[in-house]
Amino acid sequence: MPRYWFANRLVLTLSGQRPVHTLLGHALPAAYDQLIELAPRAPLRPAGERATAPLVRRCGEYQPRHGVIEAFARITSGDRLTALAFRLELGADARWRCAAIDLGPLA
């Protein structure tokens, strides 16, 4: 399921575990620009030395039309729960690419 694959890759990137360029080719330009802006801040990085790495606990989707998935993921890290929303679009080459990312308001 593409939503779980992308959710896991986004969590790895936004928690500082993987470099942003690992999603090059898997994101459309606007979404990649969002990742370039978000990744250095690592908004999903676990807080504290003993904090556990973030994990995707659940991932759901809505398909507004063929070739588009609007997905959400519940991310846990210790007792912290975070939501992540993203949009996937199916390209002419039959590959899914991330078109947008939303973490909501960031502190």
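Computed from a prediction, not measured in an experiment: that's the story for all the values here.

Engineer: Quick question: what am I supposed to make of the environment of C59 here?
Structural biologist: In this fold, C59 is placed in strand β1 (residues 55–65). In this view, C59 contacts R3, Y4, A7, F72, A73 and F86; residues no more than four positions away in its chain are not counted.

Engineer: Explain the side chain of R3 here, please?
Structural biologist: With respect to the helices and strands, the residue R3 is situated in helix α1 (residues 2–14). One polar contact links the side chain of R3 to the main-chain carbonyl oxygen of C59, over a distance of 3.0 Å. R3 has contacts with C59, G60, E61, A71, F86 and L88, leaving out every residue within four places of it along the chain.

Engineer: What is the right way to read the confidence of the model for the protein chain from this model?
Structural biologist: The predicted coordinates of low-pLDDT regions are not to be read in fine detail. Mean pLDDT over the protein chain: 89, with 96% of residues reaching 70 or higher. Across the protein chain, element-level confidence peaks in strand β4 (residues 96–102) with a mean pLDDT of 94 and bottoms out in strand β3 (residues 80–90) with 91.

Engineer: Sorry, what's going on with the nonpolar core here?
Structural biologist: The tendency in soluble globular proteins is for nonpolar side chains to be buried as a group. L35, A73, L84, F86 and C98 are the most contacted members of the largest nonpolar core, which totals 26 residues. Contributing elements (two or more residues each) for this core: α1, α2 (29–38), β1, β2 (68–77), β3 and β4. Per-element accounting of this core gives the leading share, five residues, to α1. Residues contacting F86, with those up to four places away along its chain left out, are R3, F6, A7, L10, C59, I69, E70, A71, A73, C98, A100 and I101.

Engineer: Explanation requested: the sheet that holds β4 in the structure shown.
Structural biologist: Two pairing modes exist for strands in a sheet, parallel and antiparallel, and in both the strands are linked by backbone hydrogen bonds. Pairing within the open sheet is antiparallel, and its four strands lie in the order β1-β2-β3-β4. At either end of the open sheet lies a strand with only one pairing partner, and these are β1 and β4. Sheet twist, expressed as the mean angle between neighbouring strand axes with direction ignored, is 25 degrees. With eight bridges connecting them, β1 and β2 associate as antiparallel partners. Looking at the pairing, V56 lines up with I75 of β2.

Rules of the game
- Residues numbered from 1 in each chain as written.
- Predicted model: local features only at pLDDT ≥ 70, side-chain atom pairs only at ≥ 80, totals over all residues.
- Heavy atoms only, no water.
- Helix = DSSP H or I, 4+ residues; strand = E, 2+ residues; numbered from the N terminus.
- Contact = heavy atoms within 4.5 Å.
- Polar contact = N/O pair within 3.5 Å; in protein donor to acceptor, adjacent residues only side chain to side chain.
- pLDDT = per-residue confidence, 0-100.
- Core = buried A, V, L, I, M, F, W, Y, C linked by side-chain atoms within 4.5 Å.
- Buried < 20%, exposed > 50% of the residue type's maximum accessible area, 1.4 Å probe, protein only.
- Pairing = 2+ DSSP bridges.
- Axes fitted to C-alpha atoms, helices over the stretch in contact; angles between N-to-C directions.

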